[in-house]
Structures are given as structure tokens and as C-alpha cells.
Amino acid sequence: MIVTAFLLDLLLGDPYHWPHPIKLIGNFIAWFQASFTQGKSEKEKYRLGVVLWLVTVLGTGLVIYLLLRLTFWLHPWIGTVCYIYLAYTTLATKSLAQEGRKVYQKLKFDSVTNARKQVAMIVGRDTAELSEEEITKATVETIAENTSDGVVAPLMCLFIGGPVLAMMYKAVNTLDSMVGYVTPKYKEIGWFSAKMDDVWNFIPARLTWLFLLVAAKILGLNSENALQVGRTDCRNHKSPNSGYPEAIVAGALGIQLGGTHQYHGIEIYKPTIGNALRPAQQEDIILTNRLLYAAAIVSLVTFSIVSLLVRYYLM
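Residues numbered from 1 in each chain as written. Predicted model: local features only at pLDDT ≥ 70, side-chain atom pairs only at ≥ 80, totals over all residues. Heavy atoms only, no water.

K.L.:
An account of the overall build of the chain is needed here, citing residue identities and associated values.
P.N.:
When helices and strands are counted, the chain shows twelve helices and four strands. Structurally, the chain occupies a C-alpha span of about 60 × 55 × 35 Å along its principal axes. The 315 residues of the chain split such that 51% are buried. Within the chain, contacts between residues at least 6 apart in sequence are counted, and of these 71% link residues at least 24 apart. Total accessible area computed for the chain in this model is approximately 15,400 Å², and 63% of it derives from carbon and sulfur atoms. Measuring between centres, the 28 positive side-chain charges of the chain sit 5 Å from its 24 negative side-chain charges. (Helix = DSSP H or I, 4+ residues; strand = E, 2+ residues; numbered from the N terminus. Buried < 20%, exposed > 50% of the residue type's maximum accessible area, 1.4 Å probe, protein only. Contact = heavy atoms within 4.5 Å. Areas by Shrake-Rupley, 256 points an atom, 1.4 Å probe, with all protein chains shown as cover. Lys, Arg positive; Asp, Glu negative; His and termini not counted. Charge placed at Lys NZ, Arg CZ, Asp CG, Glu CD.)

Given below as C-alpha cells:
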């Protein structure tokens, strides 16, 4: 069922008009903020941040568990279809690659102005003043980081705990992407979500480091430099996890990522990752997409083998 969900993701991506559980999670988070945080003190917002995380993540797990129990009770085939669909919605390989390709097409065939608007759809930083190279780097960083968040982590959760755990992970990730900022607007309500996202992504980020390194070798990219940069620069990031996939990608491409950027009008310092062996170019987005797909397949094969071995020895 997980392999079927993985193949569906590669084939279909995430059509905007399809019903998607993550949209419901996002709507709940937005409703919670609008309903309970207005006029609250700083201390109350910190407490509400914990409540928001617990209600969202645990509530998501409970709803998915009950839904699967109900559908399998109705009929095994209905349950199987529900399981596959829910698993499919937690994966984002094709949609992530598509978003990156949209930026690439704007850069190559349109204008820098429209490329700025397009990249603003997938990054949290301010994009109004980004140069062509900075747009490319922002896109590469997003694809690299989300190789862990959007592919490896949910896939690992699927093999461990099925759609229940995978959807709980997506709730954690959605909370971080919506409120997990250090800006004045979110620092109180989002502090707990940001910390828990770091915890949940600790192992997946390091596995992604390995899978991307293998992918770089398979694709004939600069795997030696990827290994070197991956070792030295993987902690050059404000996040304890994001630097791991970004370092491998930066090394494999021979470009430098990271640096200081504006987020919601606030300048946030970030150390650099990688050596600028050459300037970042538009084609680096396509190469990063190839790394994404290769790492996704490597992770599926790896988790499948581990799962089969565990079942064999437990039986």
C-alpha cells in the first residue's frame, strides 16, 4: 500500500482542486489563531502555542485512526483505498519538483519579476528584491530542505506507523510552516511548534543527508565535494536539521547556499553553506529536482528492505 501511494504521488502530484487533509489542518490552525490569540498576553500566547500543537497533532492522529478503523470495518477494500489515499497525500515528491520547475520556467522563459512572484509561493523569505541567482538559490534550498520534510520524513513515518503517524508528522510540519517563525507576530504562539518540528525531523534530516549523497553519486554529480561539504557545513544553519540536506545539495552542485535574508520585514542572519565553486545557475533547479527524485527512490528502497528484514526476523 505504501509503494502504491508512492507511485501515485510520482504520477499525480497534488492537484489543487482535489480534497487534501493538509488543507484542513491548515484551516484549523488559522481558525485557532483567529479565535484564541487575539488580545492575549505574551505568557498566554506561549501557553496557547503548546495547546495549539497538542490539539492539532493529537487530534489529527485520532481522526485518521478512527477514519481507518471505520473504513476497514465497512469493507477491507474501502479501508485499503482510504489507507492508500491518505498515505499518498502525505508525500510531496512530484508537487515539490513541479513548484521548483515553475520558478525555473519563469527565470528561463519569462522575467525576473515574475520569477520573484513564483518563488514567493514556496519560500518564507521576502522576495521582492531577489536577484536571478538569489531566486535560484532560494528554490534550490527549498527543494533540498523539503526532500526531508516532504518525502523522507513522511515515508519513514508511513513505514513505522502508517497514515496515522505520517499525518501526525504532516500536522507537525504544517504548524511549523505556518507559525514557527521568530518574528514578533509568531514567536510566542509558534515557539513550541518550531521546537517540536526540530525534534520530529532530527532523524529524517540525517537520513536525507545519506540518501542525497547516494543520489549525487548515482547521478554522477560531485559526490566527493558533497561529502566534504556535508560533513563541514551541515550545522551551518539556524535550524538543527535543514542544513543537512542543503549541505549535500550545495556540495553536489558546487554552489553556496544560505546567508542573511529578510523574513516578514525582519533581517534574519543565516551562515553560508558550501563553497562557491561557481555561481548558481537556472539549471541548478533542474539538477536539484533530479536529486530529489533519486533520493526519494533510494529512501523507498531502503525503508522497504528494512521493513522486510524486520518482518522476517520478527516472524
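Moving on from the coordinates now.
K.L.:
So, the pattern of salt bridges: which residues are in play, and what are the values?
P.N.:
As a working rule, side chains carrying opposite charge can pair if their charged atoms are close by. Following the criterion strictly, the structure yields five salt bridges and no others. Between Lys102 and Glu99 there is a salt bridge; the shortest N-O distance is 3.2 Å. A residue pair is termed a helical-turn pair when its members lie 3 or 4 positions apart in one helix, as Lys102 and Glu99 do in helix α5 (residues 93-109) at three residues. Under the relative-accessibility criterion, Lys102 is labelled partly exposed at 28%. (Salt bridge = Lys/Arg side-chain N within 4 Å of Asp/Glu carboxyl O.)

K.L.:
Outline the packing of helix α9 (residues 202-218) against helix α12 (residues 283-314), supporting the account with residue identities and numerical values.
P.N.:
Contact geometry for α9 and α12: axes closest at 8 Å, N-to-C directions at 115°. The two elements α9 and α12 meet at a crossing, and its hand is right-handed. Contact residues: Leu207, Phe211, Leu212, Val214, Ala215, Ala216 and Ile218 in α9; Leu291, Ala294, Ala295, Val298, Ser299, Thr302 and Phe303 in α12. Residues of the contact of α9 with α12, tallied by class, amount to twelve nonpolar, two polar and no charged. (Axes fitted to C-alpha atoms, helices over the stretch in contact; angles between N-to-C directions. Left-handed = near helix turned anticlockwise from the far one by under 90°. Nonpolar A, V, L, I, M, F, W, Y, C, P; charged D, E, K, R; others polar.)

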